[in-house]
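Residue-level structure breakdown
As a plain string of letters, each chain reads:
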Amino acid sequence: MTLLHRIGSKPIIAAVRKLSELNAALESKVDNVFFMGGSASEIIPAVTQVRNAGKHSFIHLDLVRGLSSTDKETIEFVADHLRADGIVTPKSHMVKAAKQAGLYGILHLFVIDSLAVDNGLKMIDQLEPDGIEIMPGVIPKVIETYAAATDTIPIIASGLIRTMDEARTALNAGATSLSVSETALWRKSFQDFFPDGM
């Protein structure tokens, strides 16, 4: 199953920064959880809980303590011991390693200026990641640029999305889904954002 099909049916991904938020994510409407905090040892049972709830987990390598965001052995650990579905990282070699290990590799892009946009587009062409996470996610013009560049790679808007209007704007700009830490949004569906259809 492509990542687009895995995340495309529901707009919100729960960005879990503290494991105390995990139960709220498990009880919410989300199908996917991005782990953006905690330690490697804490994440192991948390990923199991996510899987047992019928949801999917992705590890932000740069944000989980005890995981190297540069060593390919981390990918083996995520695949064999954490048994997560994928990883999120700004490092292209880790995205490649994840894909080779049968994990989804999501390329995280910090889009701070036009040079970053251009470099990100080049990386996507060369790397062909399973998904692209754009941060900050509240810049519709940037989302539109990436959405226009590819119709097969899902665009995940992330960062600073706190309200229904901000979420709706990002989705209208072409985001496939949104990685948000605002727990109130975890209970929202496409119907909530677009009651009259998109």
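Look up: the structure comes first, before these words.
Residue indices follow the written sequence of each chain, beginning from 1 at its first position. The predicted origin of the model limits local features to residues at a pLDDT of at least 70 and limits the giving and counting of side-chain atom pairs to 80 or more, whereas totals for whole chains, interfaces and linings rest on all residues. With hydrogens and water set aside, each side-chain value is computed from the structure's full complement of heavy atoms.

**Description of the overall build of the chain**
Strands are runs of DSSP state E lasting at least two residues, helices are runs of H or I lasting at least four, and both sets are numbered from the N terminus onward. What the chain contains, in helices and strands, is 9 helices and 8 strands. Principal-axis analysis of the C-alpha atoms places the extent of the chain at approximately 40 × 40 × 30 Å. Of all 198 residues assigned to the chain, the portion counted as buried reaches 48%. Any two residues having at least one pair of non-hydrogen atoms within 4.5 Å are treated as being in contact. Counted over contacts in the chain with a minimum sequence separation of 6, partners at least 24 positions apart contribute 56%. By element, 49% of the accessible surface of the chain is carried by carbon and sulfur atoms, the whole surface being about 9,200 Å². Residue burial is assigned from relative accessible area. The probe radius is 1.4 Å, only protein chains are included, and a residue is buried under 20% of its type maximum, exposed over 50%, and partly exposed in between. The protein chains shown are the only cover counted for residues, whose accessible areas, like all others here, come from Shrake-Rupley with a 1.4 Å probe.

**Some points on helix α8 (residues 164–173)**
Those residues of α8 not exposed but buried are A167, A170, L171 and A173. Here the buried residues of α8 occupy an arc of 160 degrees about the axis, which is enough to place them on one side. Pointing more than 90 degrees away from the buried face of α8 are the exposed residues D165 and N172. Residues of α8 that are buried in the fold lie against α7 (140–149), β7 (155–158), β8 (177–180) and α9 (190–193). Taking the helix axis as origin, the arc is that swept by the directions to the C-beta atoms.

**Digging into the sheet that holds strand β2 (residues 32–35)**
Paired through backbone hydrogen bonds, the strands of a sheet run either parallel or antiparallel to each other. Strand pairing requires that DSSP identify at least two bridges connecting the strands. Pairing in this closed barrel of 8 strands is parallel, and the strands run β1-β2-β3-β4-β5-β6-β7-β8 around the ring. The average angle at which neighbouring strand axes cross in this sheet is 25 degrees, direction not considered. Judged from the 4 bridges that link them, β2 and strand β3 (residues 56–60) form a sheet pairing that is parallel. Note on β3: the bridge partner recorded for N32 is H56. For helices, the axis comes from a line fit to the C-alpha atoms of the stretch in contact; other axes are also lines fit to C-alpha atoms, and the angle between any two N-to-C directions lies between 0 and 180 degrees. Sheet strands in contact with helix α5 (residues 92–100) are β4 (86–89) and β5 (104–110), and its direction is about 165 degrees off that of β5.

**Observations concerning the pairing of β5**
Of all the 7 residues making up β5, 6 are buried; the element is thus mostly covered by neighbouring parts of the structure. Two strands pair when backbone bridges link them, and β4 and β5 are joined in this way by 4 bridges, in the parallel orientation. In the strand pairing of β5, I87 is matched with G105. A crossover counts as right-handed when, viewed with the strands pointing away from the observer, the path leading from the first strand over the helix to the second turns clockwise. On the question of chirality, the crossover connecting β4 to the parallel β5 by way of α5 is right-handed. Two elements, β5 and strand β6 (residues 131–135), share 5 bridges in a ladder whose sense is parallel. Of the residues in β6, the one forming a bridge with L109 is I134.

**Structural notes on the pattern of salt bridges**
We count a salt bridge whenever a side-chain nitrogen from Lys or Arg sits within 4 Å of a carboxyl oxygen from Asp or Glu. By the definition in use, this model includes 5 salt bridges. With a closest N to O distance of 3.2 Å, D31 and K10 form a salt bridge. Within this pair, whereas D31 is found in the loop between α2 (22–27) and β2, its partner K10 is found in the loop between α1 (3–7) and β1 (12–16), the two being separated by 21 residues in sequence. Under the relative-accessibility criterion, K10 is labelled partly exposed at 34%. Between R65 and E42 there is a salt bridge, and its shortest N-O distance comes to 3.9 Å. On the criterion of sequence distance, the pair formed by R65 in the loop between β3 and α4 (73–82) and E42 in helix α3 (residues 40–52) is long-range, its members being 23 residues apart. With relative accessibility at 36%, the residue E42 sits in the partly exposed group.

**Re helix α6 (residues 114–127)**
Helices are assigned an expected span. That span is 1.5 Å times one less than the residue count. With 14 residues, α6 extends 20 Å from end C-alpha to end C-alpha; this agrees with the ideal 20 Å at 1.5 Å per step. When α6 is considered as a whole, its buried residues turn out to be A116, V117, G120, I124 and L127. Along the axis of α6, the buried residues cluster in a sector spanning 110 degrees; they form a single face. Looking at α6, the residues exposed on the side facing more than 90 degrees away from the buried face are S114, L115, K122, D125 and Q126. For α6, the elements touching its buried residues are α5, β5, β6 and α7. Polar contact is defined as a pair of N or O atoms within 3.5 Å, subject to the rule that within protein one atom must be able to donate a hydrogen and the other to accept it, and that residues adjacent in sequence are counted only when both atoms are side-chain atoms. The N-capping residue of α6, defined by a side-chain oxygen 3.3 Å from the backbone nitrogen of L115, is D113.

Note that every value here comes from positions in space, so none of it alone points to a role or purpose.
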